[in-house]
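Structural description and commentary
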Amino acid sequence: MSGTNQSGMLRGFWYIAGLSRALAKGATKPVTLLGDELLIGRRPDGQVFAYSDRCPHRGMPMRHGSFDGTNLQCCYHGWQFSAENGVCIHIPALADADPTQPGRFRLRSYPCRDVQGNVWVYIPAGRTLPNTLPDVPQVPGFDGIAPQIATTMRFPSNADIAAYGFCDPAHPAFVHTSRWWKSKAGLKLRPKKKAFEPAHHGFRMKSHQLSGGARPYRLMGTDVQVDVTIGLPGLRIEHIRGSRHSACVLAAVTPVTETTTDVHYCVYWTMPWLAPLRPFAAWMARDFLSQDLDMAAKLAHGAATPPMLFVGDPDIQIAWLMRLKREYLASQVEDRPFVNPLTEQVLEWKS
Ligand code: FES
Ligand SMILES: [Fe+2]
């Protein structure tokens with residue numbers, strides 16, 4: 001069984017394919033995830049689906065066909081497929097007496113869920129699905145709630161480079177220098193000391209009190225506690241709880257191809273009075289993410305695989321992420337369960 005295709009895009013995980021609100025009832029949308037061309041859509045009952053974008057007959061992309069709310073129809077010879085399960089239900093050119101059962105043919109189906117405002121698709125490692133699918137990643141405390149802010153940027157880099165920004169404490173002081181975030185932070189680096197523990201396919205920065213710094217966090221009240229979980233396949237969930245409010249920031253990478261990656265950034269919060277600030281907050285988020293995109297583009301420009309040095313505690317989180325990835329790939333090749341190779345550790349750096 002292979003857990004990757006081509007350059008190490010990790011199969012066997014859920015990935016965000018798009019925003020829920022961008023997929024209306026009766027609509028379909030072509031997407032590319034890990035090089036697989038898919039057609040996602042939403043039935044009139046609200047259920048989302050994801051099928052291979054290739055018609056099993058002669059390979060016509062289904063995106064050129066139509067969806068009447070019940071069936072998907074290929075534009076080439078008119079084969080019809082149930083949007084419930086992808087099974088072919090009608091082949092118009094077959095004579096009435098022809099014994100061929102259309103149900104022998106089907107669109108390849110991918111598990112698809114609408115969770116917390118995002119449409120997630122499971123990309124299996126092999127041709128068949130595992131007996132039990134993993135849970136769709138969720139931010140804590142926002143069941144059934146869509147993000148207040150959601151933005152996606154397409155990075156011209158592989159998924160690893162796109163995910164580095166999730167766990168690289170040495171870069172914000174030099175890259176995220178927006179006056180809205182941290183003013184001239186590169187000039188006054190503060191010592192940090194954080195405790196980490198292994199967590200599922202990744203690691204967690206244990207809950208700790210926020211010490212000054214970033215202004216948006218002050219909206220949560222006093223005694224603001226933060227914990228951050230980072231893991232495969234390029235997922236970061238920051239959970240911020242204050243005396244008055246809480247918020248979560250979900251950042252997730254979706255490899256599109258070997259050299260293109262969508263980075264999804266969603267912010268959830270419990271502060272209704274913040275609603276008028278949404279456009280500004282969305283602009284801030286895009287500004288922030290575009291700074292990472294700029295770095296990824298500059299990095300990817302020189303070499304497909306830039307040289308890597310991991311120097312001291314500031315670089316350990318990225319090294320962990322790469323180690324987790326190696327272990328995941330080894331577990332797939334050896335057909336055995338993934339074993340998290342990390343242990344508890346305290347890291348110190350200046351940022
Ligand atoms: S290619 Fe789709 S019906 Fe022929
Ligand atoms: Fe960043």
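This structure is a prediction, so every number in the text was calculated from the model and none was measured. (Residues numbered from 1 in each chain as written. Chains lettered and ligands numbered in written order. Predicted model: local features only at pLDDT ≥ 70, side-chain atom pairs only at ≥ 80, totals over all residues.)

Re the overall build of the chain
- Secondary structure assignment for the chain yields four helices and 21 strands.
- Projecting the C-alpha coordinates of the chain onto the three principal axes gives extents of approximately 80 × 50 × 35 Å.
- Each of the 351 residues in the chain was classed as buried or not, and the buried ones make up 34%.
- Partitioning the intrachain contacts of the chain with sequence separation of at least 6 by distance along the chain shows that 57% fall at a separation of at least 24. (Helix = DSSP H or I, 4+ residues; strand = E, 2+ residues; numbered from the N terminus. Buried ≥ 20, exposed ≤ 12 C-beta atoms within 10 Å, placed from the backbone. Contact = placed C-beta atoms within 7 Å.)

Focus on helix α4 (residues 316-333)
- Taking 1.5 Å per residue as the helical rise, α4 with its 18 residues ought to reach 26 Å, and the 25 Å between its terminal C-alpha atoms agrees with that figure.
- Here α4 has its buried residues at Ile316, Gln317, Ile318, Trp320, Leu321, Leu324, Lys325 and Tyr328.
- Its buried side turned inward, α4 meets β2 (9-10), α1 (159-164), β16 (202-209), β17 (225-231) and β21 (345-350).
- Backbone geometry just after α4 places Asp335 at a positive phi near 55 degrees. (Expected span 1.5 Å × (residues − 1).)

Details of the domain arrangement of the chain
- The domains assigned to the chain are domain 1 (4-123) and domain 2 (149-350).
- Facing 16 residues of domain 1, the contacting portion of domain 2 comprises 17 residues.
- Looking at the side of domain 1 that touches domain 2, the elements that each hand over two or more residues are β2, β3 (13-19) and β4 (28-33).
- The element contributing the most residues to the side of domain 1 that touches domain 2 is β3, with four residues. (Domains from an automatic or database assignment.)

Some points on the environment of Ile145
- Note that Ile145 resides in the loop between β13 (118-123) and β14 (149-155).
- Overall, the presence of 14 C-beta atoms within 10 Å leaves Ile145 in the partly exposed class.
- Taking the C-alpha atoms as reference points, Ile145 and Val115, separated by 30 residues in sequence, lie 8.3 Å from one another.

So, the sheet that holds strand β8 (residues 71-73)
- Read across the sheet, four strands follow the order β7-β8-β9-β10 without closing on themselves; strand pairing throughout is antiparallel. With one partner strand each, in any of the chains shown, β7 (66-67) and β10 (88-90) form the two edges of the open sheet.
- Relative to β8, β7 runs antiparallel, the two being bridged by two bridges. In the sheet register, Phe67 faces β8, and the bridge partner there is Leu72. (Pairing = 2+ DSSP bridges.)

Considerations on unusual backbone geometry
- A cis amide bond links Leu232 with the next residue in sequence, Pro233, at an omega value of 5 degrees.
- Here the phi dihedral of Asp223 falls at roughly 50 degrees; this positive angle occurs in a residue that is not glycine.
- With respect to the element layout, Asp223 can be found in the loop between β16 and β17.
- One non-glycine residue with positive phi stands out, namely Asp335, at about 55 degrees.
- By the C-beta count within 10 Å, which is 7 here, Asp335 ends up exposed.

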